[in-house]
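Chain and residue survey
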Amino acid sequence: MKERGLFICVEGLDASGKTTHAHRLVRSLQKRGLDAIYTTEPSGAEIGGFIRKHILERRRRVPSVVEALLFAVDRVDHVRKKIKPALKGGKIVVSDRYVYSSLAYQGAAGLDMKWIEKINKLAFPPNLSIYIDIPPEVAVRRLRGRRSVMEQLKIQLNVQGIYAILVKNGSLLPVDGNRPRNEVAKDVLTIVLDSLENHRKH
Ligand SMILES: Nc1ncnc2c1ncn2[C@@H]1O[C@H](COP(=O)(O)OP(=O)(O)O)[C@@H](O)[C@H]1O
Ligand SMILES: [Mg+2]
């Protein structure tokens, strides 16, 4: 069996459980003796740090175009410095958010989706893209107390609208995230193990 990496991304609304389930997935894979790593966007590199500090931690949003460009640049860094080398080393890479977040959030802010795709051309598609599906109302309830600019119900509704399109066109595989954590985690793991089996067979 040829050793090849597998690239998985986890997407969803704010507080859908992406970080929870990306970490749990990595731990479950590691327990099975598989070489899996967790990574997240914005990345740990310079532009990622800039985005955290100047966009995510601020109450006021910068123009969507600026946001979209910064995330796209950070993604180039993320792919080149972290994702590609890990995949080359045969690892399973689990990314907490990826290009679909740009389509969903900046698309919801009114930017042209084709343009967002274009500036993200270097971000190759994952082998598996999981969408943790929760209703916007649940997202808002879980978010109470958190201070982010992207948390209002209206935004969540718009973002969900785009994620729904990406599910419908087959880009994202949905998992019902509005259930107890263990059930969600079990489904995520099953999907990934199936995908891994297929991937390594072919
Ligand atoms: N299935 C679930 N049911 C209830 N609460 C959950 C579930 N999954 C995650 N949470 C809680 O929701 C909050 C957001 O989870 P988190 O993983 O940080 O989401 P995200 O990374 O998508 O923003 C956390 O407090 C987490 O414990
Ligand atoms: Mg998170």
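On a predicted model such as this, the values are computed, not experimentally measured, just so you know. (Residues numbered from 1 in each chain as written. Chains lettered and ligands numbered in written order. Predicted model: local features only at pLDDT ≥ 70, side-chain atom pairs only at ≥ 80, totals over all residues.)

Section: the sheet that holds strand 3 (residues 92–96)
Stated precisely, the cut-off is as follows: We treat two strands as partners when DSSP finds at least two bridges between them. Helix numbers and strand numbers start at the N terminus; a helix is a DSSP run of H or I with at least 4 residues, a strand a run of E with at least 2. Helix axes use the C-alpha atoms of the stretch in contact, all axes being lines fitted to C-alpha atoms, and the angles between their N-to-C directions lie in the range 0 to 180 degrees.
With respect to topology, 5 strands assemble into an open sheet ordered 2-3-1-4-5, the strand pairing being parallel. Pairing within the sheet leaves two strands with one partner each, and these edge strands are strand 2 (36–40) and strand 5 (173–176). With direction set aside, neighbouring strand axes in the sheet form an average angle of 25°. Here strand 4 (residues 128–133) runs beside strand 5; their pairing, made up of 4 bridges, is parallel. Each residue of the ladder has a partner; that of Ile130, found in strand 5, is Leu173.

Section: the pairing of strand 3
Put simply, the rule is: Counting other C-beta atoms within 10 Å of a residue's own tells you its class, since 20 or more makes it buried, 12 or fewer makes it exposed, and anything in between is partly exposed; those C-beta atoms are placed from the backbone.
In terms of burial, strand 3 is largely enclosed, as 5 of its 5 residues are buried. Both faces of strand 3 are covered, namely the face carrying Ile92, Val94 and Asp96 and the face carrying Val93 and Ser95. Across 5 bridges, the pairing between strand 1 (residues 6–12) and strand 3 is parallel. Following the sheet pairing, Val10 is matched in strand 3 by Asp96.

As for the nonpolar core
Note the cut-off: What we call a nonpolar core is a set of buried Ala, Val, Leu, Ile, Met, Phe, Trp, Tyr and Cys residues whose membership is set by joining through C-beta atoms within 7 Å. Note that contacts rest on C-beta atoms placed from the backbone: two residues are in contact if these are within 7 Å.
With 47 residues, the main nonpolar core has Ile8, Val94 and Ile130 as its most contacted residues. With 6 residues, helix 4 (residues 99–108) is the largest single contributor of residues to this core. Leave out the neighbours within four places in its chain, and Ile130 touches Ile8, Val10, Glu11, Leu173, Val175, Val188 and Ile191.

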